[in-house]
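In case you want the letters, here they are:
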Amino acid sequence: KYAFWGSQPVMQFSDEAKDVEDGPIDAPKTVEEVRKEPYTLPSSFVWCECNINDPHEVQEVYTLLHNNYVEDDDAMFRFNYSPEFLQWALQPPGYQRDWHVGVRVKGSNKLVAFISGIPASIRANGKPVPAVEINFLCVLKKLRSKRLAPVLIKEITRRVNLRGIWQAAYTAGVVLPRPVCGCRYWHRSLNPKKLIEVRFSSLQPRMTMARTIKLYRLPASTTTPGLRPMEAHDTAAVTELLNGHLAQFKLTQHFSEDEVAHWFLPQPLVVDTYVVDSQLAQQQQQQQQSSEAQQLPAGAADAAAPSSSSSSSNGAGSSSSSSSSSIVSVVSFYTLPSSVLGHEEHNELRAAYMFYTVPGPTPLTQLMQDALTLAAGKGYDVFNALDLMDNASFLKELKFGIGDGALQYYLYNWRMANTPLQPKELGLILL
Ligand code: YNC
Ligand code: MG
């Protein structure tokens, strides 16, 4: 068992918790000591670098993943990352083209395997760990179980090591030596009728379709005053809020301003970020008050303006943040549809995934209710969130249901004391 992973610098199941101290597992190496030649592939294959900016090459990676990437246990759904999403996910500040590693068939040139790394500043038990995040490991279905995956993993490790980086973070549905944390996905139905039709969910006993639709219905508009899409000039404020919030978690990421601009500025069908702008909230409140004063007879204002009472109770206008910005909260989600396999009517499940969120003075449940409202308004079928960070505090109340299967988090060449972490201690989200 674990012929490959048993030989790698990762925590092993046999490691005794009491002996574990934070730090690298391998003895430190220099770049000069790293092997210069690529690992050997079976003779019919060659290594390639995938140029994700090239429309043809990103389409090749898209097609490989579309046909061969992660499926649920019953093979009903398969992740369908869009080309635009792949360009976003693979090209953050400091990305390296030679970390977008492909394998092609000699002669036909067909792309049959892929693995990628991107740079990231990880924080583990408070220590900065320069690392890569590994994602999109995929081998053509016809080439499975031939031990190609370990060659891909060793090759990307070599290419990352050549640039002086020795640690990595990654997630997988499978259990390998040895998870640093195990999380669960939760799902919030936005379009229950379609989710039931594609058998993503099923009608609960003693529930009719009409009652189910009513149960999951969301308001037409959001309730948090001052909520608006993030704009470029918010980047510094969002960076400060985000890093401040994430510092409390035992395993997390630290973001530069350039990284925040890349990861959070809204891109249609890739990433959506909203901020709560306390100045805008005040303006909205003043406008509402003056229009009420003008339009309504005395005494009618209270009954007609339910949202003005929620604005005074959410505290967004009275932030005591040290920065001069009026941004007090952030909420974001990314777009990752799944192909519906072998269904006559539907071929795609439109899913939004919760990304990093900083509640600040806004109650997290209210902020997430607004995120659900926005996602429903944009036509998503389901909103997914992991049980990490403070998410357990809203999942049940906002009618998320627990999914089947777990998402395991891993570190390469880094031992962390006091692991596995509890999901609420984890502040890291990989795409
Ligand atoms: C997996 N998901 O246990 P042992 S997640 C890592 N991540 O090794 P073969 C995996 N290892 O047990 P196949 C893995 N799945 O002998 C399997 N393994 O020690 C291990 N699926 O290799 C497995 N994408 O080539 C075994 O297996 C060995 O042909 C067997 O290929 C596996 O992106 C795979 O789920 C996953 O495309 C490529 O099944 C294939 O089955 C496939 O005989 C569908 O492999 C898509 C899928 C995985 C998504 C992801 C994160 C990957 C992380 C990789 C590890 C990175 C380490 C850090 C490197 C940088 C270090 C620095 C610095
Ligand atoms: Mg294989």
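Note that the structure is predicted; figures quoted are calculated from it, not measured. (Residues numbered from 1 in each chain as written. Chains lettered and ligands numbered in written order. Predicted model: local features only at pLDDT ≥ 70, side-chain atom pairs only at ≥ 80, totals over all residues. Heavy atoms only, no water.)

## Notes on the overall build of the chain
At step 1: A count of helical and extended segments in the chain gives eleven helices and 17 strands.
At step 2: Taking 2.2 N^0.38 as the reference for a compact globule, 431 residues should give roughly 22 Å; the C-alpha atoms of the chain span a radius of gyration of 24 Å, in line with that estimate.
At step 3: Counting every position in the chain, which comprises 431 residues, the buried fraction comes to 52%.
At step 4: When the accessible surface of the chain is summed, it comes to about 20,100 Å², and 51% of that surface belongs to carbon and sulfur atoms. (Helix = DSSP H or I, 4+ residues; strand = E, 2+ residues; numbered from the N terminus. Rg over C-alpha atoms; globule rule 2.2 N^0.38 Å. Buried < 20%, exposed > 50% of the residue type's maximum accessible area, 1.4 Å probe, protein only. Areas by Shrake-Rupley, 256 points an atom, 1.4 Å probe, with all protein chains shown as cover.)

## Topic: the site of ligand 1
At step 1: Neighbouring residues of ligand 1: 34 residues in total, closest Trp5, Leu137, Ser145, Arg147 and Ala149.
At step 2: At 2.9 Å, a backbone N or O of Val139 approaches an oxygen atom of ligand 1.
At step 3: For ligand 1, an oxygen atom lies 2.7 Å from a polar atom in the backbone of Ser145.
At step 4: For ligand 1, the accessible surface in isolation is 1,200 Å², of which the surrounding protein chains cover 88%.
At step 5: Of all the elements in the fold, those that place two or more residues in the shell around ligand 1 are strand 5 (127–139), helix 3 (148–161) and strand 6 (167–172).
At step 6: Top contributing element to the shell around ligand 1 by residue count: helix 3, with seven residues.
At step 7: Among the residues forming the shell around ligand 1, the class breakdown is 24 nonpolar, seven polar and three charged. (Near = heavy atom within 4 Å. Polar contact = N/O pair within 3.5 Å; in protein donor to acceptor, adjacent residues only side chain to side chain. Nonpolar A, V, L, I, M, F, W, Y, C, P; charged D, E, K, R; others polar.)

## Here's the deal with the domain arrangement of the chain
At step 1: According to the domain assignment, the chain contains domain 1 (5–179) and domain 2 (183–294 + 308–427).
At step 2: Contacts between the two partners involve 57 residues from domain 1 and, on the opposite side, 42 residues from domain 2.
At step 3: Of the roughly 4,600 Å² buried between domain 1 and domain 2, counting both surfaces, carbon and sulfur atoms make up 59%.
At step 4: Inspection of the domain 1/domain 2 interface yields one salt bridge.
At step 5: In this structure, the connection of domain 1 to domain 2 is made through 22 residue pairs in polar contact (both at pLDDT 80 or more).
At step 6: When contributions to the side of domain 1 that touches domain 2 are tallied by element, the ones reaching two or more residues are strand 2 (77–79), helix 2 (83–90), strand 4 (111–124), strand 5 and strand 6.
At step 7: In terms of residues, the side of domain 1 that touches domain 2 owes the most to one element, strand 4, which gives seven residues.
At step 8: The class makeup of the residues in the side of domain 1 that touches domain 2 is 33 nonpolar, 13 polar and eleven charged. (Domains from an automatic or database assignment. Contact = heavy atoms within 4.5 Å. Buried area = accessible area lost by both parts, 1.4 Å probe. Salt bridge = Lys/Arg side-chain N within 4 Å of Asp/Glu carboxyl O.)

## A closer look at empty space enclosed by the protein
At step 1: For the coordinates displayed, the defined rule picks out five cavities of 30 Å³ or more.
At step 2: Taken as a whole, the largest cavity holds about 150 Å³ of empty space.
At step 3: Secondary structure elements with two or more residues in the lining of the largest cavity: helix 2, strand 4 and strand 5.
At step 4: Per-element tally for the lining of the largest cavity: the top contributor is strand 5, with four residues.
At step 5: Partitioned by chemical class, the residues of the lining of the largest cavity number twelve nonpolar, four polar and one charged.
At step 6: The two domains that each donate at least three residues to the lining of the largest cavity are domain 1 (5–179) and domain 2 (183–294 + 308–427).
At step 7: In this structure, the second largest cavity occupies an estimated 70 Å³ of space.
At step 8: Every residue lining the second largest cavity is counted, 13 residues in all, and those nearest its centre are Tyr185, Met354, Ala385, Leu386 and Ile429.
At step 9: For the lining of the second largest cavity, the secondary-structure elements that each account for two or more residues are strand 14 (351–354) and strand 15 (382–386).
At step 10: Tallying contributions element by element places strand 15 first for the lining of the second largest cavity, with three residues. (1 Å grid on protein atoms, 1.4 Å probe; cavity = no way out; pocket = protein on both sides within 12 Å on 5 of 7 lines; lining within 4 Å. Points joined across faces, edges and corners; volume = space filled by probe spheres on them.)

## With respect to the nonpolar core
Most often, soluble globular proteins keep nonpolar side chains buried together rather than apart.
At step 1: Leu251, Tyr334, Phe355, Tyr356 and Tyr409 are the most contacted members of the largest nonpolar core, which has 105 residues in total.
At step 2: Ranked by the residues each element gives to this core, the list is headed by strand 4, at nine residues.
At step 3: Formed jointly, this core draws a minimum of three residues from each of two domains, domain 1 (5–179) and domain 2 (183–294 + 308–427).
At step 4: Not counting residues within four places of it along the chain, the set of residues in contact with Tyr409 comprises Tyr170, Thr171, Pro179, Val180, Cys181, Cys183, Leu386, Leu388, Leu426, Leu428, Ile429 and Leu430. (Core = buried A, V, L, I, M, F, W, Y, C linked by side-chain atoms within 4.5 Å.)

## Structural notes on the packing of aromatic side chains
At step 1: Evaluation of the coordinates by the stated rule reveals 28 aromatic pairs.
At step 2: Ring geometry for Tyr170 against Tyr410: centres 5.3 Å apart, planes inclined by 20°, an arrangement best described as stacked. In this pair, Tyr170 sits in strand 6 while Tyr410 sits in strand 16 (residues 401–412), placing the two residues 240 residues apart along the sequence.
At step 3: Judged by relative accessible area, Tyr170 falls into the buried class, the value being 10%.
At step 4: Owing to a relative accessible area of 1%, Tyr410 belongs among the buried residues under this scheme.
At step 5: In this structure, Arg35 is placed above the aromatic ring of Tyr39, and the distance from its NZ or CZ to the ring centre is 4.2 Å.
At step 6: Lying across the ring of Trp47, Arg159 places its NZ or CZ 5.9 Å from the centre. (Phe/Tyr/Trp six-rings, centres within 6.5 Å; stacked < 30°, edge-to-face > 60°. Lys NZ or Arg CZ within 6 Å of the ring centre and 35° of its normal.)

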